[in-house]
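Here are the chains, one letter per residue:
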Amino acid sequence: MDRRHFLRIAGGGAIAAATSTTLAGCSSALPPEAIAAWQGPGNEPDVRRWILAHAILAPHSHNLQSWLVDLSVPDEITLFIDRSRLLPETDPFSRQMMMSQGTFLELLDLTAKQKGLHAEIALFPQGVFAPTTVDARPTARIRLVPDASVKPDALWTHIFLRRTNREAYEARDPAADALQAITASTAGWAVRTGFVGSSQPDLLQQHRRIAMEAWRIELVTPRTVMESIKVLRVGPTEIARHRDGISLNDPMVRALAAVGLFDRSKAPTPDDTSTTTQIKDFNANMAATPAFFWMVTEGNDRATQINAGRAYVRAQLAATATGLSMQPLSQALQEYREQAGPYGEIHQLLGAPAPRFTVQMWTRLGYAPVIQPAPRRGLEAHILKA
Ligand SMILES: Cc1cc2nc3c(=O)[nH]c(=O)nc-3n(C[C@H](O)[C@H](O)[C@H](O)COP(=O)(O)O)c2cc1C
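Residues numbered from 1 in each chain as written. Predicted model: local features only at pLDDT ≥ 70, side-chain atom pairs only at ≥ 80, totals over all residues.

Considering the overall build of the chain
Right, on to step 1. A count of helices and strands for the chain gives 10 helices and 12 strands.
Right, on to step 2. A compact globule built from 386 residues should have a C-alpha radius of gyration of about 21 Å, and the chain, at 20 Å, falls within 12% of that.
Right, on to step 3. Projected onto the principal axes, the alpha-carbon positions of the chain cover approximately 60 × 45 × 40 Å.
Right, on to step 4. Buried positions account for 48% of the 386 residues belonging to the chain. (Helix = DSSP H or I, 4+ residues; strand = E, 2+ residues; numbered from the N terminus. Rg over C-alpha atoms; globule rule 2.2 N^0.38 Å. Buried ≥ 20, exposed ≤ 12 C-beta atoms within 10 Å, placed from the backbone.)

Spelled out as structure tokens, the structure:
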């Protein structure tokens, strides 16, 4: 097989390896223990555990899964952020971390409904985090209360099928009724959503251009690209050991890593083949992206960020239900200095001038090939021990 291999990593990029052979007998299927959580909890009798086993399937930036729960009070769940699992370079104010607490809470809430329980969610029960830091106080306290008026939400059935899809998307617009379903899924949340597709070619082109530039900046900024490299898990042994982060399981990268040709100890230079090829690959994906989706909030306090995460996973579940895929494009939304240009551009393009408005989420949207689920650490890893 004479071709170059492009291996996708966090943020939708790729580590490239020039190669001309294929490795017989190697599979890129993830090790079963890394994706066992996607089998679900079966008939787990403890309702809180049953619910949490669904919540851990939520999307989380860089798949860090920074969710810790205290179950010491009956019928309650207290959620904390795991401060050993933050992204200080690319998410300096932990905005995406807060969104990732929100995605978890939304799947928890949807799953409680399946059991006829109302999840009374109190955000920051011991006080709200400061705008730029997180601390040891809980992000939420959840009381599970039986409630005969609670009805299941159809989005719940798509939890196991939801994926962040970084493949190339088909060159066709999302169906109009699918866009309506995505919009409807976030009703009730204080977010403004929007889409762009092929009917607005100039606008679509601007979205693609900003995404490409933001991605390039992230890759050529050593401290931000290193943050992704640190959570790369290469090959089945690393993937099974960590069950988080960004999995690279392509046989060729595994071979390169095995012989020491994939150096993860330092950031590649801007002209390194791995950087230029990742940029080329990402740009090709962007150029073929038929549509983008976004979510804007007025204000950007901690509760708004959590609720934006809740709205996002609902939108992604609604997309899943209609056969559509999403991939967040967080780079231009990130608050580190080098991204100031793309940050300003995307806010302006979406009619969301900062600081009054914040673009909380911006994604590619389209029809894509079916992919494997991403690893999960499993429920026990999230339960605080007394
Ligand atoms: C707030 C937030 C930001 C994210 N940003 C990106 C991103 O910039 N690029 C990307 O490819 N995925 C992004 N993701 C998706 C995560 O990488 C993904 O949820 C995680 O790897 C687990 O995979 P899954 O969603 O398929 O379960 C983001 C997710 C969240 C919740």
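Section: the environment of alanine 168
Right, on to step 1. Looking at where alanine 168 falls in the secondary structure, it is placed in the loop between β6 (140-146) and α3 (176-185).
Right, on to step 2. Of the residues examined, alanine 168 has 17 C-beta atoms within 10 Å and is grouped as partly exposed.
Right, on to step 3. Excluding residues within four positions of it along the chain, alanine 168 makes contact with Asn285 and Ala288. (Contact = placed C-beta atoms within 7 Å.)

Considering the site of the ligand
Right, on to step 1. By nearness alone, 19 residues border the ligand, and Pro59, Asn63, Thr164, Ser330 and Ala374 come closest of all.
Right, on to step 2. Elements with a minimum of two residues in the shell around the ligand: α2 (95-114) and β11 (325-328).
Right, on to step 3. Among the elements that line the shell around the ligand, the one with the most residues is α2, at four residues.
Right, on to step 4. The two domains that each donate at least three residues to the shell around the ligand are domain 1 (34-160 + 373-382) and domain 2 (166-366). (Near = placed C-beta within 6 Å. Domains from an automatic or database assignment.)

Side note on helix α7 (residues 251-258)
Every α-helix winds through 3.6 residues per turn, so residues three or four apart in the chain are directed the same way.
Right, on to step 1. For α7, the set of buried residues is Met252, Val253, Arg254 and Leu256.
Right, on to step 2. Where α7 terminates, the next one or two residues include glycine 260, which has phi positive at roughly 80 degrees.

Focus: the sheet that holds β11
Right, on to step 1. Spatially, β7-β10-β12-β11 is the arrangement adopted by the four strands of the open sheet, whose pairing is antiparallel. A single partner strand is all that each edge strand has here, and the edge strands are β7 (192-196) and β11. Recorded for the sheet is a direction-independent mean angle of 25 degrees between the axes of neighbouring strands.
Right, on to step 2. Summarising the sheet, strand β10 (residues 291-298) and strand β12 (residues 357-366) pair through eight bridges and their orientation is antiparallel. Paired with phenylalanine 293 across the bridge in β12 is threonine 363. (Pairing = 2+ DSSP bridges. Axes fitted to C-alpha atoms, helices over the stretch in contact; angles between N-to-C directions.)

Structural notes on the sheet that holds strand β3 (residues 67-70)
Right, on to step 1. Across the sheet, four strands lie side by side as β3-β4-β6-β5; this open sheet has antiparallel pairing. A single partner strand is all that each edge strand has here, and the edge strands are β3 and β5 (117-123). Adjacent strand axes in the sheet meet at a mean angle of 25 degrees, parallel and antiparallel pairs treated alike.
Right, on to step 2. Sitting on the sheet, α2 touches β3, β4 (76-81), β5 and β6, and the angle it makes with β5 is about 160 degrees.

Observations concerning the nonpolar core
Right, on to step 1. Counting residues in each nonpolar core, the largest one holds 84 residues, and the members touching the most others are Leu107, Leu108, Ala332 and Trp362.
Right, on to step 2. Composition of this core by domain shows at least three residues from each of domain 1 (34-160 + 373-382) and domain 2 (166-366). (Core = buried A, V, L, I, M, F, W, Y, C linked by C-beta atoms within 7 Å.)

Digging into the domain arrangement of the chain
Right, on to step 1. Considered domain by domain, the chain is made up of domain 1 (34-160 + 373-382) and domain 2 (166-366).
Right, on to step 2. For domain 1 versus domain 2, the separation of C-alpha centres amounts to 22 Å.
Right, on to step 3. Taken together, the contact pairs 38 residues of domain 1 with 34 residues of domain 2.
Right, on to step 4. Per element, the largest residue contribution to the side of domain 1 that touches domain 2 is 11 residues, and it comes from α2.
Right, on to step 5. Looking at the side of domain 1 that touches domain 2 residue by residue, the class counts come to 19 nonpolar, 13 polar and six charged. (Nonpolar A, V, L, I, M, F, W, Y, C, P; charged D, E, K, R; others polar.)

Topic: the packing of α3 against helix α9 (residues 302-321)
Each pair of packed helices can be summarised by the angle the axes make with each other and by the distance between the axes.
Right, on to step 1. Where α3 contacts α9, the axes come no closer than 8 Å and their chain directions differ by 150 degrees. Relative to α9, α3 is oriented roughly antiparallel. Remark: the crossing between α3 and α9 carries right-handed chirality. Every residue of α9 that contacts α3 at Ala181, Ile182 and Ser185 is listed here: Arg314, Ala315, Leu317, Ala318, Ala319 and Ala321.
Right, on to step 2. In the contact of α3 with α9, the residues fall into seven nonpolar, one polar and one charged. (Parallel < 35°, antiparallel > 145°, perpendicular 65-115°, else oblique. Left-handed = near helix turned anticlockwise from the far one by under 90°.)

Describing the packing of helix α4 (residues 201-220) against helix α10 (residues 340-349)
Right, on to step 1. Look at α4 against α10: their axes get within 10 Å of each other, and the N-to-C directions meet at 160 degrees. As summarised for this structure, α4 and α10 are arranged roughly antiparallel, according to the angle between their axes. As for how α4 packs across α10, the hand of that crossing is left-handed. On the side of α4, the interface is formed by Gln206, Ile210, Glu213, Ala214 and Ile217, while α10 contributes Pro342, Glu345, Ile346 and Leu349.
Right, on to step 2. Of the residues contributing to the contact of α4 with α10, the split by class is six nonpolar, one polar and two charged.

Observations concerning the pairing of β10
Each regular strand shows side chains that alternate between the opposite faces of the sheet.
Right, on to step 1. Counting buried positions along β10 yields six of eight residues, so the element is predominantly enclosed.
Right, on to step 2. Sheet topology note: the β7/β10 ladder contains five bridges and is antiparallel. Residue arginine 192 lies in a different strand from β10, and its bridge partner there is valine 296.

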